[in-house]
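Results of the structural survey
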Amino acid sequence: MYNELMEKLGKYGQEHVLSFWGELGPDEQKKLSAQIDVIDWDYIDGLIKEYVLKKSTVAVPENLLPAPFFPLIPANGEMQKKYNEARSRGVELLKAGKVAALTVAGGQGTRLGFDGPKGTFPISPVKKKTLFQYFAESISRISAKYGKPLHWFIMTSEMNDRETRDFFEANSFFGLMPSCVSFFTQGTMPAVGYDGKLLLGAKSSLALSPNGHGGTLLALRLSGCLEKMKSSGIDVISYFQVDNPLAPIADPLFIGLHSLEKSEISAKMLPKTGPYEKLGNFCMVNGKLHIIEYSDMPAKLAEERKADGPLRFLAGSPAIHMISREFAEKLTANGKLELPWHKADKKVPCIDANGNSVNPSVPNAIKLESFIFDALPMASKTMILEGARENEFAPVKNPSGVDSAESCRAMLIERDAKRLEKAGFKIPRKSDGSPDCLIELSPRSAVDDEDAAELFIKNKNLNFLHGEELYLE
Ligand code: UTP
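A brief structural summary. (Residues numbered from 1 in each chain as written. Predicted model: local features only at pLDDT ≥ 70, side-chain atom pairs only at ≥ 80, totals over all residues. Heavy atoms only, no water.)

Overview of helix 2 (residues 26-38)
Defined as follows: Put simply, DSSP H or I for four residues or longer makes a helix, DSSP E for two residues or longer makes a strand, and each gets a number counted from the N terminus. One less than the number of residues in a helix, times 1.5 Å, gives the span that helix is expected to have. Only protein chains enter the calculation, and the probe is 1.4 Å; a residue is then buried if its accessible area is under 20% of its type maximum, exposed if over 50%, and partly exposed in between. This arc describes the spread of directions from the helix axis toward the C-beta atoms. What makes two residues a contact is simply this: any of their non-hydrogen atoms within 4.5 Å.
Its 13 residues place the ends of helix 2 19 Å apart at the C-alpha level, agreeing with the 18 Å of an ideal helix rising 1.5 Å per residue. Within the sequence span of helix 2, burial applies to Gln29, Leu32, Ser33, Gln35 and Ile36. Buried residues of helix 2, viewed axially, fall in a sector of 155°; they line one side. Away from its buried face by more than 90 degrees, helix 2 exposes Pro26, Asp27, Lys30 and Val38. On its buried side, helix 2 packs onto helix 1 (2-10), helix 3 (41-53), strand 8 (205-206) and strand 9 (208-210).

A closer look at the site of the ligand
Going by this rule: For each residue, the test is whether any non-hydrogen atom lies within 4 Å of the molecule or strand; if one does, the residue is near. Any pair of N or O atoms that falls within 3.5 Å is considered a polar contact. Within protein, one atom must be able to donate a hydrogen and the other to accept it, and sequence-neighbouring residues count only if both atoms are side-chain atoms. Per-residue and other accessible areas follow the Shrake-Rupley method at a 1.4 Å probe size, with only the shown protein chains counted as cover for residues. Residues are grouped as follows: Ala, Val, Leu, Ile, Met, Phe, Trp, Tyr, Cys and Pro are nonpolar; Asp, Glu, Lys and Arg are charged; every other residue, Gly included, is polar.
Taken together, 18 residues lie near the ligand, and Val104, Thr110, Arg111, Gln186 and Lys397 sit nearest. The backbone of Gln108 places a nitrogen or oxygen atom 2.8 Å from an oxygen atom of the ligand. Between Val242 and the ligand, the recorded distance is 3.1 Å, taken from a backbone N or O atom to an oxygen atom. Taken by itself the ligand offers 570 Å² of open surface, and the protein chains cover 89% of this. Grouping the amino acids of the shell around the ligand by side-chain chemistry returns 5 nonpolar, 9 polar and 4 charged.

Here's the deal with the pairing of strand 11 (residues 265-271)
Two faces belong to every sheet, and in a regular strand the side chains alternate between them. Condition: One bridge is not enough; two strands pair if DSSP finds at least two bridges between them.
The buried fraction of strand 11 amounts to 6 of the 7 residues, a majority that puts the element mostly inside the structure. The pairing of strand 11 with strand 15 (residues 321-324) spans 3 bridges and is classified as antiparallel. Within strand 15, the residue paired with Ile265 across the bridge is Ile323. Where strand 11 meets strand 14 (residues 315-317), 2 bridges bridge the pair, whose relative direction is antiparallel. Looking at strand 14, one finds that Pro271 is bridged to Ala315.

With respect to the pattern of salt bridges
Rules: The salt bridge criterion pairs a side-chain nitrogen of Lys or Arg with a carboxyl oxygen of Asp or Glu, the two atoms within 4 Å.
Overall, the coordinates contain 28 salt bridges when judged by the stated rule. Arg162 is paired through a salt bridge with Asp166; the nearest N and O atoms lie 3.1 Å apart. Highlighted residues: Arg162 and Asp166, both in helix 6 (residues 161-170), separated by 4 residues, approximately one helical turn. Arg162 gets classed as exposed once you look at its relative accessible area, which sits at 52%. A salt bridge links Lys418 to Glu414, with the shortest nitrogen-to-oxygen separation between them at 3.2 Å. You can see Lys418 and its partner Glu414 sitting in helix 13 (residues 405-423), 4 residues apart, about one turn around the helix.

If you want it as structure tokens, here you go:
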């Protein structure tokens, strides 16, 4: 086995991967050999030459134009009519079981620095429900509301798959039917040192990491989930990220417009708060929709404003999509999907040539990831709908400050407070306008204003007091 592996690696100058072979037991040798076998070495060698040794940068397409979108508030009567029709269509599709939820949860959450899959992070303000529980309860309510179980697909990675499944088992799937929850695992990519050599995570293992959320579509295909969707009559996939508990899982307007517009992949957009907000920019290039990362957007364009004030490139991406199953099938038809790679300099724990552990304090490697939004230009038809930030986007990325658990909880409280006020409850507020109580509205009983209105009818006499903690289910 050693000689065969050495021959393979030798062709690409990666013989060091076997440096500790003699020290490994049979199982460890098998593991390392399996990792080496699944790699397409010609392909990886090409990527190393292009992205690591040549230090190529992302080519931003020329002729960027702002992408058109459907506004949050319909602009005229005709659009209002279309929105009404879309809402009805969305409800119809949900009632017919044509929609599935898909959460991408394979990331490593390095910025948050939480030990465990991000979905197991406690987020809700009062009960500290985890992100997974929060979504599970929303899905349970949506299923009851539309009279059809909403199938939930969860993408994990090799790094967190076992822990994620165990978490669901240990919590009895939060009351969902296990047959309506499907886990599938994305692919991995090896981390590459700046000298073009693959890093070893241990003597018996390459340093591997998940291949980016762009791995979703191929993983759906290779895991058999696309087949499962087809045989269950699912046509539309509602895609969202595990770290955004406000993500609209089943928004009838979004689902309906996606369907009416015959879009293959659709996106929610948020008006950016400023030229450099860290959201991808929706742009048109030669008639195709692209997302240009905030770090790649030319400053001149990012800062450009229309005559009446707003940014010309206003549309930012909260990573919320509707994807047609048929589009996912088409893109992965031959069991492959080549999305562009994005490279990032990362601090990757590894072992050195002597087998000693290294925990770098500065980046020591390139990681390559693909992004789901690079599928946008591959679609024959796309659609963008404006979302309401305060109701749809509260990402948990950092341990503190911007996009942290704290900012996310404040947004959850505010969203629930507004929802309850709209329903008729009186919510005490501080002088700065923020709620003066800790509120948590269980998604098990309310996922929209209509549900909140029903809660009001049942709990009319409930008083929210200053400084109080209140959980409503
Ligand atoms: P991020 O790009 O924020 O990455 O992922 P992350 O891994 O969660 O966090 P950092 O960058 O290491 O701090 C956005 C969403 O995409 C998923 C994540 O789980 C999150 O829901 N994701 C990301 C995957 O499912 N797989 C990946 O390979 C990368």
